[in-house]
Amino acid sequence: MRIAEISTPDFRQSSSAGDANSSNHSHALTQIEALIKSLERHSASLPLPDSFSSDLRLVLAELITSARAPPPATPIPPTTLMRSPKLKPQSNPSNDTPLHFPCQIHSYSSDLRLVLAELSQLAPFPNSTKLLLWKLSYRLWNTCVDLSNAAYTSNSSGDHRLSEEHAKLRQIAADFLFLSADVAGIPSPAIKAGLFFYKTGLIWHDLKKFDFANNCFEKATDLISKVEFDSISNNDERKLLLDLNLARSRTAWEVSDRNLSITLLNRSKNVLFGTSENYKSLANQYLMFGKILLSNVEVSGLNEALKLMSEALELCEKGLRIVKKTEETLHLKELRLKILRFMAAAHLQSDEFENVLKCVKVLREGVGGADHHPSLSVLAMKAWLGMGRYKEAEKELRGMVVNNGIPEGVWVSAVESYFQAVGAAGAETVKGVFLGLLGRCRVSPGVAIRVVNRVVGDGAGGTEGAKVRAKVVTELVSDERVVDLFSGDAAAKERTTIHALLWNCAAEHFRAKEYQISAEMFEKSLLYGPHTIENRIFRAKGFRVLCLCHLGLSQLDRAEEYINEAEKLEPNIASAFLKFKIYLQKKDHNSAIAQVQAMSSCLDFTPDFLSLSAHEAVACSSLPVATASLSHLLNFYSSGKPMPTNEVVVFRTLVTILIQDSSNDSDILEHLNRAYQRLSELGPELFFGKGEVGRRERNWFAVNAWNFGVRNGKEKNYKLCAEFFRLASEFYGIVSDGEAKENAMMVGKSLVMSVSAIIADERHQKATLLETETKEAIELLDRAKKILISSSGSSGKDEGQIAAMDPNIFFIYTLSAYDLYSRLSDKGAQQLLLIKNLASSKSCNPQHLLQIGFDASEGPRSNPEVATFTLRTCLSSLLASPSPDYQSVAFILRKLISVATIHKGDIDDDSVIEMYRQAYRIMVGLKEGEYPLEEAKWLAMTAWNRAALPVRLGHIDVAKKWMNIGLELATKVPGMQTYKSCMEDYVADFEKKFRGHNN
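Conventions and cut-offs
- Residues numbered from 1 in each chain as written.
- Predicted model: local features only at pLDDT ≥ 70, side-chain atom pairs only at ≥ 80, totals over all residues.
- Heavy atoms only, no water.
- Helix = DSSP H or I, 4+ residues; strand = E, 2+ residues; numbered from the N terminus.
- Buried < 20%, exposed > 50% of the residue type's maximum accessible area, 1.4 Å probe, protein only.
- Contact = heavy atoms within 4.5 Å.
- Axes fitted to C-alpha atoms, helices over the stretch in contact; angles between N-to-C directions.
- Parallel < 35°, antiparallel > 145°, perpendicular 65-115°, else oblique.
- Left-handed = near helix turned anticlockwise from the far one by under 90°.
- Nonpolar A, V, L, I, M, F, W, Y, C, P; charged D, E, K, R; others polar.
- Phe/Tyr/Trp six-rings, centres within 6.5 Å; stacked < 30°, edge-to-face > 60°.
- Lys NZ or Arg CZ within 6 Å of the ring centre and 35° of its normal.
- Core = buried A, V, L, I, M, F, W, Y, C linked by side-chain atoms within 4.5 Å.
- Salt bridge = Lys/Arg side-chain N within 4 Å of Asp/Glu carboxyl O.

- Going by an unreviewed UniProt entry, the protein chain carries the name Protein ZIP4 homolog and comes from Fraxinus pennsylvanica.

Right, here's the structure in full:
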């Protein structure tokens, strides 16, 4: 605001009048005037340079100095003072104390105390000079006002810098008045000078320069304090006294000096002068500080806020008792009601709910008219909620519907508070209140969105309260009046918003597996789809998620209806896949497999969906569907296109799925063969991968082929067993660096096991191998023999090297080779050599020899020579044991006697007799029953019976030999005493009868 300038004589005329002291200041005053004129010519569109305030400070310092000393012989040119580049102050002038300057122009680092001491020693200025200073001060002030107004109007840039420079210039203007505060001829000079400092302090306060502001306010206080308050009659001057205290109080509050701030407020009570405006200003200041403390959650802050608001309320009460004008009374009453509302809010924040209700009651039943402020219902509702009286809170909430003055934001805030306290139980109340509001007046779509958003809450499902909220929301948004709010193009944006809100809430419940609620909300969201061509896409998407919801509820027919509708609107891979899921859950495997084939015809099909289909099928225990999905996926690899998953992983997954059912071994073999075929086409590195990954994949296929062979062998599926072992040898045959020896051994073992399975299958099927098959098996064994011998690291070339590595494999190899050689007419010698190599090995097992001897002694391809050698070797091995198995010994002796008897047929064969004698020697010294009783009887009886033919033929000596052997054996057999007596009697009679007779 501009100030009327002072009319005074020109200072040059005054100096010519003969005032001696004014001549000392004329030069400085000229410079000040020149600077002000320069400032008056300054364009408001340009920022103010620092030089204005700096030059004015220099001139002011010169003026102070010239008050004590005569002017220099040579005047300083104005340009030197105004724009001297050599003057470098040691500190920024804006940061110096605004009222004091160093005595020397070039000494800006002088201490403030020295400056004050220097100023205090100055001689007083003449009154004419003081008047000129006042005039120049007013000109400078008004120029700043003009520049500030012009800058505000033009909205030019650099507002902060401009305001700070203005503050500096106004500070200097106030300093001019301070130097001449005791001027004669100007009414109330101290109050006017104080006003300048007060207004300058307000500018510094707005700029957050609280130290500068406080200095200004203190200087104004010092100036005004010299004036007797009783002599002040002007209302504006009286108002200045109060405003100055309030400004000092605010500045002290900003620098956290609360004690001083409150002290200044209390001191302000002495300068109210009985006017309503002063009471209102002071009460407002108390209220403002109380509101600041109210925002603090600390209990001490709330208590202090209530004290300040009580002070404000008391001031309003006093003001109402003093003032008489209706308008003034009305303002104070409005402020009183406002203070009571904030006091109620403070009590609410302190959980003093009864005090809140008391305040609300006072406001509603106030003398001179009740207060109907919208916040009262909210405050009362929250207080009732805090006391746990929900019916009264609901009554307040419903009362808000009637109050037309309640804004949307307040109403929604009340809903939020009500929900927070009451929870989901209040959802029905809010729905009824909103629908009641909807029936009474026109509600914007934005309000409906906010209400729905508050009722929904965070949208998270999984709790009973969330279910209740969701149910209320579905009922709310399905109301025709609510749907009508969002109809039309004007509400397109809001319609999209509420659609997204409902959709997200439904998605949260879907993630919480609350499919029924989710389905209802998704269905209601379709009511708010766009009215454009995008509606088709939105509806298709909605039908798909509804299909998912009903899948979760196992309502498969309903789910199929929705996905059929979605497919009509937008046929794509998502719809095809969901239909596949429905078939899976219906256990309709044929339809599911057909749907797998149909998915590949979709435009947006990717092979990933086949992998996903396989996972879904496995989860539903539909192994045929999973197998079909992965088999179909494998067809895409042959095209050479990039695939998301390595082909070997698909094969491995496929085999892993088939493993779960042992009846799938034929399919497993088929897919393993297919994998080996792709391996042959691509090469190991492209199929299995490189490095350790490739080795692990190769080993997985090889080991599983081996294990499948073992399993089928145990289950007597020898044909599959042979194929699996043959396939295992192929996988093991793919070697990497450093694995040649280990893999070679596994290749040889697999080949041996494969040939063994071929022979076992022949016996199991009671068939006969063709000659070509036999030769092929022999070739496999020869290959296995070479591989195993070479992998042993030995230079030997016989089968003994195999025995050193794995005795069991050596036995299987020997048994298989013996069986195959027996089919050829010229391999008898090789058979015996095989058995001798087995018998000579350290790992030779008597049971292995016994089995080979048994096989060699029977059947159309028997070999007596091999049988005799094997059984004799086995017998020697058993007898050499510390605890011989006499059951096996007896069995071998019987077998040896049978082989010799059948293939030789000579009764007088010494080898047969020697076998009987060996049996007798074995039984000598054994405990009763240690040698099998039945076998001992058989030996005794067959030896005795062998004498019958020689007796008939008259071979007396041979007959005696066999009868004696039989009698000797009978003596070692318990329970043959009767037979022995008969034998002895017969031998005695035989001796008498044929005594002296030769054969």
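1. Some thoughts on the overall build of the protein chain
Stage number 1. When helices and strands are counted, the protein chain shows 48 helices and zero strands.
Stage number 2. Looking at the 999 residues of the protein chain, the share that counts as buried comes to 48%.

2. A closer look at the environment of Leu-896
Stage number 1. Relative to the elements of secondary structure, Leu-896 occurs in helix α43 (residues 886-904).
Stage number 2. Spatially, the C-alpha atoms of Leu-896 and Pro-864 are 9.4 Å apart, while their sequence positions differ by 32 residues.
Stage number 3. If we skip the residues at most four places from it in the chain, Leu-896 touches Thr-868, Leu-871, Arg-872, Leu-875 and Met-915.

3. Quick word on unusual backbone geometry
Stage number 1. Non-glycine residue Ser-188 carries a positive phi angle of around 50°.
Stage number 2. Within the secondary structure layout, Ser-188 lies in the loop between α7 (159-179) and α8 (189-206).
Stage number 3. Of the residues examined, Ser-188 reaches a relative accessible area of 29% and is grouped as partly exposed.

4. Topic: the packing of helix α47 (residues 956-971) against helix α48 (residues 977-993)
Stage number 1. Where α47 meets α48, the closest approach of the two axes is 10 Å, and the angle between their N-to-C directions is 155°. Classified by the angle their axes make, α47 and α48 are roughly antiparallel. Judged by the sense of rotation from one axis to the other, the crossing of α47 with α48 is left-handed. Touching Ile-956, Ala-959, Lys-960, Met-963, Gly-966, Leu-967, Ala-970 and Thr-971 of α47 are Lys-980, Met-983, Glu-984, Tyr-986, Val-987, Phe-990 and Glu-991, all from α48.
Stage number 2. In terms of residue class, the contact of α47 with α48 is built from nine nonpolar, two polar and four charged.

5. Details of the packing of aromatic side chains
Stage number 1. Evaluation of the coordinates by the stated rule reveals 28 aromatic pairs.
Stage number 2. On the numbers, 5.3 Å between centres and 35° between planes, the contact of Tyr-138 with Phe-196 is tilted. Of this pair, Tyr-138 sits in helix α6 (residues 127-154) while Phe-196 sits in helix α8, and the two are 58 residues apart along the sequence. Across this residue pair, the class does not change: Tyr-138 and Phe-196 are buried.
Stage number 3. For the pair Trp-706 and Phe-725, a centre-to-centre distance of 5.0 Å together with 80° between the ring planes defines the contact as edge-to-face. In this pair, Trp-706 sits in helix α34 (residues 691-714) while Phe-725 sits in helix α35 (residues 718-732), placing the two residues 19 residues apart along the sequence. Accessibility assignment for this pair places Trp-706 and Phe-725 in one class, buried.
Stage number 4. One aromatic cluster is present, built from ring pairs that chain together Phe-651, Tyr-676, Phe-687, Phe-688, Trp-700, Phe-701 and Phe-731.
Stage number 5. Above the ring of Trp-141, the side-chain terminus of Arg-170 is found at 4.9 Å from the ring centroid.
Stage number 6. When the ring centre of Trp-962 is taken as reference, the NZ or CZ atom of Arg-946 above it lies at 5.4 Å.

6. So, the nonpolar core
One recurring pattern in soluble globular proteins is that nonpolar side chains are buried together.
Stage number 1. By size, the foremost hydrophobic cluster in this structure holds 128 residues, and its most contacted members are Leu-672, Tyr-916, Tyr-931 and Trp-962.
Stage number 2. Not counting residues within four places of it along the chain, the set of residues in contact with Leu-672 comprises Val-655, Phe-701, Ala-705, Phe-708, Phe-724, Leu-727 and Phe-731.
Stage number 3. By size, the runner-up hydrophobic cluster in this structure holds 81 residues, among which are Leu-147, Ile-203, Ala-220 and Leu-363.

7. Describing the pattern of salt bridges
Stage number 1. If you walk through the whole model with that rule in mind, you get 25 salt bridges.
Stage number 2. Between Lys-318 and Glu-314 there is a salt bridge; the shortest N-O distance is 3.6 Å. With Lys-318 and Glu-314 both in helix α13 (residues 299-322) and four residues apart, this pair spans about one turn of that helix.
Stage number 3. Ionic pairing is found between Glu-991 and Lys-960, a salt bridge with its closest N-O pair at 3.7 Å.

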